[in-house]
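# Observations on the model geometry
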Amino acid sequence: MTEKRRTREEMRKARAEQKKKERSPAKAWIKRSVLTVVLLGVLVLVGGAGLFAYYASKAPALDEEALKDPVSSEILDKNGDVFAVIGVDENRKYVEYDEIPQQMVDAIIATEDARFFEHFGVDFWRLGAAVIANFRDGFGAQGASTITQQVVKNSFFSNAKTLERKAQEAWLAIQLERQYSKEEIFEMYFNKVLMSGTTYGFATAAERFYGAEDLHDLTLEQMAVLAGLPQSPNNYNPFQNPERAQKRRDIVLSLMVQHDKIDEATAKEAKTFNVAETVLPEEERKKGFASDYQAFLDVVLWELDETGYSNMLSDGIKVHTTLDPAAQQTVENVMDNDSNFPTESIQSGISVVDTKTGALVAVGGGRNYANRETNFAYSLKNRSPGSTIKPIISYGPAIEYLDWSTGQTVQDSPATYSSGQKISNWDNGYYGTITMREALYTSRNIPAVKTLMEVTTEQSQEFAEKLGVEVDYLVESDALGGGRVYMSPVELAAAYAAFGNNGVYHDAYAINKIEYRDGSTESLKPEAVVAMSEATAYMITDVLRDVVSNKRNASGAAAAVSGVDIAGKTGTTNYGNDAFKKFDLPRNSVPDSWFVGYSTDYSIAVWSGYAEYSEPITTWDERRLPQRLFKNIMSELSANGETKDFQKPSSVVEATIQVGSQPLKLASAATPSNLKSTELFKKGTVPTGVSTDYEEVEDPLEAPSNVQATYNPNAQQISLTWAHNEVPDEEEPTSFTYEVTMSVDGGDPQIIATTGAKSTTISSVQPGSNYSFSVVAISDKGRSQPGSTSIVIEGTKEEEEPEVPEVEEPEIEEPDETPETPVPDEDNGEENNENKPPGNSGNNGNGGNNGNGGNSGTGGNNGNGGSSGTGGNTGNTGNTGSNQPPKQPETPQSPSRPPETDEESTP
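Residues numbered from 1 in each chain as written. Predicted model: local features only at pLDDT ≥ 70, side-chain atom pairs only at ≥ 80, totals over all residues. Heavy atoms only, no water.

### Examining the pattern of salt bridges
Inclusion rule: By definition, a salt bridge exists where a carboxyl oxygen of Asp or Glu is found within 4 Å of a side-chain nitrogen of Lys or Arg. The helix count covers DSSP runs of H or I at least four residues long, the strand count covers runs of E at least two residues long, and both are numbered beginning at the N terminus. For every residue, the accessible area (1.4 Å probe, protein chains only) is compared with the maximum for its type, and the residue is labelled buried under 20%, exposed over 50%, or partly exposed between those bounds.
Counting across every chain of the model gives 21 salt bridges. A salt bridge links arginine 383 to aspartate 592, with the shortest nitrogen-to-oxygen separation between them at 2.5 Å. Placement of the pair is arginine 383 in the loop between strand S7 (360-364) and helix H15 (390-402) and aspartate 592 in strand S15 (residues 592-598), with a sequence separation of 209 residues. Residue classification places arginine 383 among the buried positions, given a relative accessible area of 4%. Salt-bridge contacts for arginine 545 lead to aspartate 565; the nearest nitrogen and oxygen are separated by 2.7 Å. Residue arginine 545 is found in helix H20 (residues 534-547), and its partner aspartate 565 is found in the loop between H20 and strand S14 (567-574); the two are separated by 20 residues along the sequence. This pair shows no difference in class: arginine 545 is buried, exactly as aspartate 565 is. Counted as one network, the salt bridges with shared partners bring together Arg437, Asp542, Arg545, Asp546, Lys551, Asp565 and Glu679.

As structure tokens, this is what we get:
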């Protein structure tokens with residue numbers, strides 16, 4: 001029994017020992033982990049303290065002069081030469097702490113460092129909050145620098161976020177607190193901080209923005225605006241960005257309430273003031289700094305702000321820019337020459353971008369820019385680009401995604417948006433069946449919208465975004481550039497540069513790199529984006545060459561530069577009915593005129609208009625201004641004669657098609673010459689079928705005879721008549737139509753009418769021109785040979801073929817409002833473009849201010865020439881003194897069109 005009990009005891013001990021062995025590894029692991037963490041913590045603490053001590057020992061000594069005066073930064077051009085120095089401001093005002101109003105101190109403290117008077121230079125509570133925010137939202141989500149640390153950083157360090165720099169900054173902040181009082185440190189910050197552009201110190205900013213020589217003259221609202229500036233000095237500049245400044249001001253006022261500096265009622269009252277109305281009016285403003293190239297310098301400063309580097313200007317950095325001084329001087333010479341401008345107050349914004357790199361080489365911010373605050377090249381982001389958007393929104397995507405050729409058949413015929421609202425061309429007329437090429441270079445509105453409908457707004461937006469166009473979504477009317485899309489000249493020049501750079505897009509940029517005081521550099525060049533295929537880029541470019549050609553209806557001929565391969569596009573916006581009534585505008589008024597063109601070297605965008613939207617462009621000299629300025633600048637920049645031509649890539653092939661064939665077919669030997677067109681195709685997409693529409697017949701039709709042209713000088717019309725021996729078939733009568741072709745001064749022949757009558761009328765005839773006509777008889781048996789005649793209209797001809805910019809899209813002042821039902825505009829025959837259809841911004845583009853019966857006193861035209869129509873109707877010949885709109889053709893004419901209805905015709 002004893003042995004048995006021992007055995008049981010031994011068994012219990014054995015089981016206990018086994019359990020002990022099973023538990024030991026876990027307990028041992030926990031114990032070892034705790035000891036390891038404690039040991040590591042001690043090591044980190046000791047090591048960190050040692051590293052901090054090491055870094056602190058290398059920190060620079062505090063220097064009172066450096067603490068009080070800004071460190072100068074240099075701005076260099078592309079050649080490495082300094083053209084501006086930031087930080088040396090002879091006008092900087094230095095005020096002592098006792099001169100600063102307490103409410104202004106409160107505003108700055110609440111905004112920048114709420115525990116400034118409690119901490120010892122480093123705010124560990126704020127540091128902990130920043131660490132958590134950076135873990136939660138990403139590095140850089142929230143800063144922890146106190147005002148003391150900012151004074152130290154701006155005096156002794158670069159902006160590099162290194163552990164050594166932060167350790168030295170914290171150490172010197174603690175030392176600064178030991179050697180100076182809180183009031184002295186605040187005074188250093190108050191007088192040293194960058195406030196915007198080249199303005200340093202709150203007192204200097206108060207005088208610049210509000211004319212306040214005594215800080216006690218400032219209101220709470222104004223103090224709050226100034227207190228909000230240091231976070232992003234140029235973005236919150238109340239002169240240039242009053243809306244942003246106002247939002248920032250409201251945040252400052254709320255922070256003052258949060259930290260018990262003011263009550264809610266006081267803040268609410270201060271928020272009622274409009275920032276734009278409380279700053280100095282423009283005529284009373286003084287520039288804080290002047291550079292030889294101030295317009296370009298301002299772009300550099302804004303770019304530093306947008307990329308988060310603006311505060312580095314207090315660090316003694318060198319900013320290497322893309323400025324080409326020769327190009328900049330050329331632009332400024334053009335902008336400052338009053339003889340280049342048709343009125344005293346019309347303005348222009350010009351940007352010159354390197355086609356290959358996107359580098360901004362020159363900027364025309366406005367006339368006499370040194371005395372201005374608004375940079376019309378960079379800051380003009382609330383004006384619509386008009387028809388310059390068509391290659392970006394409609395035709396570029398069609399080639400890229402639908403494999404369209406430049407000969408793709410499109411219909412310029414009556415159409416509506418999905419909402420049912422009518423789409424109008426500028427002349428209220430129709431060209432009928434035309435190629436994509438003709439639709440774009442003559443800037444027809446209806447084909448542009450129809451093309452977008454085929455591409456889809458989703459694909460169009462995808463294409464546009466790759467060219468820097470920022471928009472939440474597109475609607476059909478955006479094809480005409482007057483709805484939800486806004487672009488500055490800088491943005492537009494960069495987008496078009498991609499067409500000339502084989503489809504590769506670069507954001508326009510003004511800064512190459514930042515060079516720190518230690519010699520290290522940081523590149524700010526944007527990455528290249530392949531926005532489209534080489535084929536798409538070249539095909540668009542080839543069509544846009546026609547815009548500046550001498551082709552009839554080409555809209556930008558005045559921008560052509562002899563000997564330079566240029567492609568480009570015109571654009572004009574228009575007012576809607578509400579604007580006409582609100583501003584009491586003449587009926588020929590438009591707000592904006594554009595031209596953007598490019599060579600293989602430069603892409604140049606030019607906007608012209610008036611600073612106030614309510615002040616309209618009313619003359620043809622004003623409308624043509626962008627083309628003239630472009631020509632002057634491009635001619636000067638290309639004077640060396642070394643500009644290369646655009647090169648067709650191997651992915652693009654040529655083929656001669658029959659215009660209007662559906663599906664597209666190659667022209668045959670029998671295709672009439674006026675229906676043959678050599679067009680571009682993506683490789684592998686050339687049609688294989690050959691047209692059989694005009695095969696030779698054994699018994700050809702008899703040609704029209706006795707073709708006669710008679711001019712009526714009173715009506716400024718040509719009456720064209722002809723005879724034709726219509727020998728009917730004994731069994732079945734033959735039906736004939738007649739195709740009328742016109743050529744002016746030896747230019748390309750254009751079909752102007754297809755009619756069943758033996759006459760037609762041509763309106764808007766130009767004195768001093770030679771008109772040639774041919775008439776072809778057409779039946780189901782084929783085409784006859786042409787009967788021809790010509791007539792010279794006596795009179796004095798214009799020196800150049802003047803252009804009438806398209807008047808497409810209205811400027812939508814409040815695009816988010818609920819659209820209203822459109823009301824016809826009886827004076828110019830257009831639909832009301834300002835009242836938008838649901839979901840569609842509703843901009844019909846240019847509604848035809850230029851081609852309708854000229855209103856008395858406005859130099860109006862004689863109306864649309866009018867297609868003759870298949871029934872022999874002569875179309876609208878225009879009302880020379882009437883306010884009645886021209887009549888619309890009931891059905892589209894294919895391919896007939898009214899003569900002299902090009903976008904740039906004589907008014």
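Picking up after the structure, the text goes on.
### A word on the packing of aromatic side chains
To keep it simple, the criterion reads: Any Phe, Tyr or Trp ring, taking Trp's six-membered ring, that has another such ring centre within 6.5 Å forms a pair; planes under 30 degrees apart are called stacked, those over 60 apart edge-to-face, and the others tilted.
Tallied over the entire structure, the rule returns 21 aromatic pairs. An angle of 85° between the planes, with centres 6.3 Å apart, marks the rings of tyrosine 401 and phenylalanine 463 as edge-to-face. Of this pair, tyrosine 401 sits in helix H15 while phenylalanine 463 sits in helix H18 (residues 457-465), and the two are 62 residues apart along the sequence. Overall, tyrosine 401 belongs to the partly exposed group, its relative accessible area being 24%. Taking the centre distance of 5.9 Å and the plane angle of 70° together, the rings of tyrosine 575 and phenylalanine 580 count as edge-to-face. Residue classification places tyrosine 575 among the buried positions, given a relative accessible area of 1%. With relative accessibility at 3%, the residue phenylalanine 580 sits in the buried group.

### Quick word on helix H9 (residues 220-228)
Every α-helix carries 3.6 residues per turn, so stepping three or four residues along brings you back to the same face. The cut-off we apply is this: When checking whether two residues touch, look at their non-hydrogen atoms; a contact exists if any pair is within 4.5 Å.
Of all nine residues making up H9, nine are buried, and the element is well covered by its neighbours. All of the buried residues along H9 are Leu220, Glu221, Gln222, Met223, Ala224, Val225, Leu226, Ala227 and Gly228. Those residues of H9 hidden inside the fold are in contact with helix H3 (102-112), strand S3 (194-196), helix H8 (202-210), helix H10 (242-258), helix H11 (264-270) and helix H12 (275-278).

### Brief notes about the confidence of the model for the protein
Keep in mind that low pLDDT regions are not for reading the predicted coordinates in detail. To keep it simple, the criterion reads: Every residue carries a pLDDT, the predictor's confidence in it, which falls somewhere between 0 and 100.
Of all residues in the protein, 73% attain a pLDDT of 70 or more, and the chain-wide mean is 79. Within the model, the stretch residues 43-48 combines pLDDT values under 50 with two contacts to residues more than four positions away or in other chains. For residues 797-907, every residue scores under 50 in pLDDT, and the model assigns this stretch 393 contacts once sequence neighbours within four places are set aside.

### A closer look at the sheet that holds strand S12 (residues 521-523)
Let me state the cut-off plainly: Strand pairing is defined by DSSP finding a minimum of two bridges between the two strands. What counts as an axis is a line fitted to C-alpha atoms, over the stretch in contact for a helix, and the angles between N-to-C directions run from 0 to 180 degrees.
Read across the sheet, five strands follow the order S2-S1-S5-S11-S12 without closing on themselves; strand pairing throughout is mixed. Every other strand in the sheet has two partners, leaving strand S2 (82-86) and S12 as the edge strands with one partner each. Between one strand axis and the next, the sheet turns by 20° as a mean value, whatever way the strands run. Pairing geometry for strand S5 (residues 318-321) and strand S11 (residues 511-515), over four bridges, is antiparallel. Within S11, the residue paired with valine 319 across the bridge is isoleucine 514.

### Topic: the nonpolar core
Spelled out, the test is: Here, the term nonpolar core denotes a set of buried Ala, Val, Leu, Ile, Met, Phe, Trp, Tyr and Cys residues that are joined through side-chain atoms within 4.5 Å.
By size, the foremost hydrophobic cluster in this structure holds 96 residues, and its most contacted members are Leu313 and Leu467. Setting aside residues up to four positions removed in sequence, leucine 467 forms contacts with Ile392, Ala495, Ala498, Phe499, Tyr505, Ala531 and Met532.

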